[in-house]
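Fold and contact review
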Amino acid sequence: MSEIQNAMEVMRARHSVRQYLERPIPGDVRKALDACAAELNAAGGLRMQILYDEPECFNSRLAHYGRFENAKNYIALVGSKAPDLEERCGFYGELLVLKAQELGLNTCWVALTHGKSRAVVGPGEKEVILISLGYGRTPGGARKSKAATEVSNLADDSPEWFRRGVEAALLAPTAVNQQKFRFERNGDAVTARAGRFGTLLKVDLGIVKCHFQLGAGSGNFHWAE
């Protein structure tokens, strides 16, 4: 897994941003982000693609409806069709989002409010979702969050690693801020489940599992089957 320094700080600093400055992403930042994407693609069996200086995808009626401005860079999450593709896109895509934040960039997960991307999607592959990318006009702001006990079986005697994991999961972006997920701990085994009704629940599940794992520390628990 790509290492994120001071992961909790990065998670707290990252907010969804839709309006960007007319400021190109410099070469050294692109190189670092591209290297991270290559590493994560290998780890996750994906073909995430970063498209720079491509203004057409977000120059559409849907993008304007979604209030995007100057969105000229984006990440396309692409992979071979499989039952767990959306969850993997969420997990590894969020790692790339956090790396972008660490590099000083701002992002926003985007499902419908964009035009046609220029990502290469081969036979048997699917483009699951996009992530806009750039230097935000503002760093964005936090949204209302559920309590830890609403999304987990956290108790007074829960270990600190579980508490940190749930806290990190609550910092994760989810579609329309729905936070429809739940973590259950049984010893050092953790089960993560998505809600039954909602949008992009499998992508959201991957994102929140990414946050939980970074917060809890992968050496402290294992995912239950």
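Numbering of residues starts from 1 in each chain and follows the order in which that chain's sequence is written. Reporting in this predicted model follows two pLDDT cut-offs: at least 70 for local features of residues, and 80 or more for side-chain atom pairs to be given and counted; totals over whole chains, interfaces and linings ignore these cut-offs and use all residues. Where side-chain values are given, they derive from all heavy atoms of the structure, hydrogens and water being excluded.

Here we look at helix α5 (residues 160-170)
Each full turn of the α-helix corresponds to 3.6 residues, which orients residues three or four apart in the same direction. Quick note on the threshold: When a residue's accessible area, from a 1.4 Å probe over protein chains only, is under 20% of the maximum for its type it is buried; when over 50% it is exposed; and in between it is partly exposed. Here a helix means four or more residues in a row that DSSP labels H or I, a strand means two or more in a row labelled E, and each is numbered from the N terminus. We call two residues in contact whenever any of their non-hydrogen atoms come within 4.5 Å of each other.
When α5 is considered as a whole, its buried residues turn out to be Trp-161, Phe-162, Gly-165, Val-166, Ala-168, Ala-169 and Leu-170. On its buried face, α5 sits against α1 (7-13), β5 (181-186), β6 (189-194) and α6 (201-216).

Here we look at the environment of Glu-94
Our working rule: Two N or O atoms count as a polar contact when they lie within 3.5 Å, although within protein this holds only if one can serve as hydrogen donor and the other as acceptor, and sequence-adjacent residues are included solely when both atoms are side-chain atoms.
With respect to the helices, strands and loops of the structure, Glu-94 is situated in helix α4 (residues 85-102). Linking Glu-94 and Cys-210, residues 116 residues apart in sequence, is a C-alpha distance of 6.9 Å. Setting aside chain neighbours within four positions, we find Glu-94 in contact with Arg-14, Cys-89, Trp-109, Pro-173, Ile-207, Cys-210 and His-211. Polar contacts involving the side chain of Glu-94 include one to the side chain of His-211, which spans 2.7 Å.

Notes on the sheet that holds strand β7 (residues 222-223)
Definition in use: In this description, strands pair whenever DSSP reports at least two bridges between them. Axis definition: a line fitted to C-alpha atoms, limited for helices to the stretch in contact. Angles are taken between N-to-C directions and run from 0 to 180 degrees.
One open sheet holds the 3 strands; their spatial order is β5-β6-β7, and the pairing between them is mixed. Each edge of the open sheet carries a strand with a single partner, namely β5 and β7. On the sheet, α5 packs against β5 and β6 and is oriented at approximately 170° with respect to β5. The strands that α6 touches are β5, β6 and β7; relative to β6, the one it contacts most, it runs at about 150°.

Some remarks on the side chain of Arg-88
Inspection of the secondary structure puts Arg-88 in helix α4. A relative accessible area of 18% places Arg-88 in the buried class.

As for the pairing of β6
Bridge analysis of β5 against β6 gives 6 bridges, and the strand direction is antiparallel. Paired with Phe-181 across the strands is Ala-194, a residue of β6. With antiparallel pairing between neighbouring strands as the criterion, β5 and β6 make up a hairpin whose turn holds 2 residues, including Gly-187 at a positive phi of roughly 70°. Across 2 bridges, β6 lies against β7 in parallel orientation.

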